[in-house]
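# Structural description and commentary
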Amino acid sequence: MIPDPNYFEGIIQRLNTGIVIVDQVGHIQFWNQFMKLNSGHDREDVLGKSIYDIFPEIPQSWFQKKIDTVYTLQHMAFTDWKKRPYVFRFPTTRPITGEVEFMYQNCTFSPLLDEEKKVAGVLIVVTDITEVAEQTLAMQRLTNSLEREKREQQKLITKLEEAQNQLLQSEKMAAIGQLAAGVAHEINNPTGFVYSNMGSLGHMVEDLMAVIDVYEDQLCRNGVPEAQEAVRQAKEKYDFDYLKEDLVSLVKESKDGIERIKRIVEDLKGFSHVGESEWQMADIHKGLDSTLNVVWNEVKYKAEVEKHFEDLPEIECIPSQINQVFMNLVVNAAHSIEKKGKITICTGQRGDQIFISVADTGCGISQEHLNRIFEPFFTTKPVGKGTGLGLSVSYNIIKKHHGHIEVNSTPGEGTKFVLWLPVKQPEIETEQEAAQS
Ligand SMILES: Nc1ncnc2c1ncn2[C@@H]1O[C@H](COP(=O)(O)OP(=O)(O)OP(=O)(O)O)[C@@H](O)[C@H]1O
Ligand SMILES: [Mg+2]
């Protein structure tokens, strides 16, 4: 038995889904109970009227395009609440949390065909999707906050890794520093007395020469010829004139040598203050010179070093750490040179920044490695020669000093690193920043 058409109409009216039929220009031809309940408009009030007049909030050109598409293509069209939360602005019927003001909807637009298979109207089905939307949005918020937390944790992990790497290198530096300080201390005492003895020896040689001059003078005037002849022969045998001249310069050279040893010992002592972490105003050139002396052994067989130092003001820094960065750059430069090359060190000031550049004529860095050289443990050196921490630690030290490192390299030609550092550190670090560094 085919049920009465009113039977179906009754079902459609009671569906918990909005059913609207419009013609090609948007005039309403059908309207079910759901639409009436949610919009407050009776079926009699809307039939034959334009849907745009009943719902002025509907974006007309967008809506009309949907209808036109259905008419032209005879296909179903769809709108999703994520793209367009609501087509019809219905107040929500379930104030679930109080946060949702309007009913979220998914809508389908389907063609209704007449007997000739032509589109006679568009059936719009409006589904209330508020609950799902609510839950999805809540989930999205949760996911976002979890991701935020994850990013923060990742940042923390990176900081911890940096701190650990810095610790590793500073332990190495501290060990070298301790050794250097020990050696410096041991050499300091003997050097001290040799230096002072050399001073006395210089004076004594002068006095001795003065006495010999008197002897000679007296011998010339009052001496018997045999005595004069014996002295002349002795002088000739021992090349007295040369001896007299050379003795003075020998003592002078020795004094210079001892002075150099004293300077190296001073440098070693200065360099060994690696544990020191005091911010202070420091002369960068002094640090560069003493560090260069310390690593001289690594450098001297590989490269001649050229220095171009401009006048620099004292800068606010932790000198031992800047020395450590400089040492890493110079040692890397020396390692990059296979046989014999040149290392050029320049300094200068531009505005309130100073720069220190270290350029070498070594093997250069390939493009693919250039992106990785600041990574901890990235090294191209054989086991035992490099740990791959030098540049990563240097990067962090310079970052802590509010500066930056530039690098330029051409494989086969050489590499240039430039350190930029502010003369004065930005106003006192915030507590947070201090805790982070
Ligand atoms: N001046 C340079 N010329 C060519 N390559 C360089 C230069 N400086 C750094 N590199 C490349 O970058 C890598 C990383 O340098 P980094 O100083 O961090 O570590 P390392 O020198 O290998 O080991 P470490 O310094 O810990 O003893 C080096 O292994 C090298 O490949
Ligand atoms: Mg290195």
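Described in the following lines is the structure provided in the data block. (Residues numbered from 1 in each chain as written. Chains lettered and ligands numbered in written order. Predicted model: local features only at pLDDT ≥ 70, side-chain atom pairs only at ≥ 80, totals over all residues. Heavy atoms only, no water.)

## Topic: the pairing of strand 10 (residues 353-360)
- Burial within strand 10 is extensive, with 7 of its 8 residues counted as buried.
- Note that strand 9 (residues 341-350) and strand 10 share 8 bridges and pair antiparallel. The residue bridging R350 from the neighbouring strand is Q353, located in strand 10.
- Hairpin geometry of strand 9 and strand 10 is characterised by an intervening segment of 2 residues between the two adjacent antiparallel strands and by a positive phi of about 65° at G351.
- Here 8 bridges tie strand 10 to strand 12 (residues 414-422), and the two strands are oriented antiparallel to one another. Looking at the pairing, A359 lines up with K416 of strand 12. (Buried < 20%, exposed > 50% of the residue type's maximum accessible area, 1.4 Å probe, protein only. Helix = DSSP H or I, 4+ residues; strand = E, 2+ residues; numbered from the N terminus. Pairing = 2+ DSSP bridges.)

## Notes on the site of ligand 1
- Residues in close proximity to ligand 1 total 21 residues, the closest being T379, T380, K381, T387 and L391.
- Here N332 contributes a side-chain N or O atom positioned 2.8 Å from an oxygen atom of ligand 1.
- T380 is positioned with one of its side-chain polar atoms (N or O) 2.4 Å from an oxygen atom of ligand 1.
- Computed on the free molecule, ligand 1 has an accessible area of 600 Å², of which 93% lies beneath the protein chains in the complex.
- Listed by contribution, the elements that provide at least two residues to the shell around ligand 1 are helix 11 (319-336), helix 13 (390-400) and strand 12. (Near = heavy atom within 4 Å. Polar contact = N/O pair within 3.5 Å; in protein donor to acceptor, adjacent residues only side chain to side chain. Areas by Shrake-Rupley, 256 points an atom, 1.4 Å probe, with all protein chains shown as cover.)

## With respect to the pattern of salt bridges
- For the structure shown, the criterion picks out 14 salt bridges.
- The salt bridge involving K252 is made with D256; its shortest N-O contact spans 3.5 Å. Here K252 pairs with D256, and both are found in helix 8 (residues 240-271), just 4 residues apart, close to one helical turn.
- A relative accessible area of 52% means that K252 is categorised as exposed.
- For D256, a relative accessible area of 37% corresponds to the partly exposed category.
- Put simply, R350 and E310 hold a salt bridge, and the shortest N to O gap is 3.6 Å. On the criterion of sequence distance, the pair formed by R350 in strand 9 and E310 in the loop between strand 7 (303-309) and strand 8 (315-317) is long-range, its members being 40 residues apart. (Salt bridge = Lys/Arg side-chain N within 4 Å of Asp/Glu carboxyl O.)

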